[in-house]
Amino acid sequence: LPAFNYPDLTGRERHSNEFTDKVVVLNFWATWCPPCRKETPLFVELQDDFAGRVQFIGIAIDDAEPVREFADNYRVNYPVLLGDMDAIAMSRRLGNHYEGLPFTVVARPGGEVVLRHAGELERAELEPLLRELSGAG
């Protein structure tokens, strides 16, 4: 994963190096994107299930106020960062050639990318991978 830093919903700058010791699920999304809205409850559930071993991070390509409202309504339990044009460029470097949303990348601790996925992620694809990478059996 490339190094990144973006503000969270409180305005605090968050850095990718905070998460290097965990499996990272990096999700580029927006509030106006139907598949993004659909996969968020799964991410919230899996963040609970894998707490301490896996870190979900949402990078919203959107305005702050709708993102705050969305995060509150969906009880998002992982960092939601506010992306910009640089975040779109980072998603392209990670393999999102059409700049579509949602786009999700899963990386091992240390940052080696093991999954790049355009579109909505399903539990059947994501959960077994997280079990394997996190040592959760």
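Residues numbered from 1 in each chain as written. Predicted model: local features only at pLDDT ≥ 70, side-chain atom pairs only at ≥ 80, totals over all residues. Heavy atoms only, no water.

K.L.:
Explain the state of the cysteines here, please?
P.N.:
Think of a disulfide as a covalent bridge from one cysteine sulfur atom to another cysteine sulfur atom. In total, this model carries one disulfide according to the counting rule given. Between Cys33 and Cys36 runs a disulfide, and the two sulfur atoms are separated by 2.3 Å. Judged by the sign of its S-S torsion, about 80°, the cystine formed by Cys33 and Cys36 is right-handed. (Disulfide = S-S within 2.5 Å.)

K.L.:
Please explain the packing of aromatic side chains as it appears in this structure.
P.N.:
The geometry of two aromatic rings is summed up by the distance between their centres and the angle between their planes. What the rule picks out here adds up to six aromatic pairs. Between Phe28 and Phe103, the ring centres sit 6.3 Å apart and the planes meet at 40°, which makes this aromatic pair tilted. On the criterion of sequence distance, the pair formed by Phe28 in strand 3 (residues 23-29) and Phe103 in strand 6 (residues 103-107) is long-range, its members being 75 residues apart. Comparing Phe28 with Phe103, the two get one shared label, buried. When the centroid spacing of 5.8 Å and the interplanar angle of 40° are considered together, the rings of Phe56 and Tyr78 count as tilted. A residue pair is termed long-range when its members are at least 10 positions apart, and Phe56 in strand 4 (residues 54-60) and Tyr78 in the loop between helix 2 (64-73) and strand 5 (80-82) qualify at 22 residues. (Phe/Tyr/Trp six-rings, centres within 6.5 Å; stacked < 30°, edge-to-face > 60°. Helix = DSSP H or I, 4+ residues; strand = E, 2+ residues; numbered from the N terminus. Buried < 20%, exposed > 50% of the residue type's maximum accessible area, 1.4 Å probe, protein only.)

K.L.:
Even after reading the chapter, I still don't get the nonpolar core, so can you show me in this structure?
P.N.:
Among the nonpolar cores identified, the biggest contains 29 residues, and Phe56, Val80, Val106, Leu126 and Leu130 are the most heavily contacted of them. For this core, the secondary-structure elements that each account for two or more residues are strand 3, helix 1 (34-49), strand 4, helix 2, strand 5 and helix 4 (123-134). The contacts of Leu130, once residues within four sequence positions are left out, are Val23, Val25, Leu46, Phe50, Val54, Phe56 and Val106. (Core = buried A, V, L, I, M, F, W, Y, C linked by side-chain atoms within 4.5 Å. Contact = heavy atoms within 4.5 Å.)

K.L.:
I would appreciate a short explanation of the environment of Pro7 in the present structure.
P.N.:
Looking at where Pro7 falls in the secondary structure, it is placed in strand 1 (residues 5-7). On the basis of relative accessibility, which here comes to 27%, the residue Pro7 falls in the partly exposed class. In this structure the C-alpha to C-alpha distance between Pro7 and Ile59, which are 52 residues apart in sequence, comes to 9.7 Å. Ignoring any residue separated from it by four or fewer positions in sequence, one finds Pro7 in contact with Arg12, Glu13, Val80, Leu81 and Leu82.

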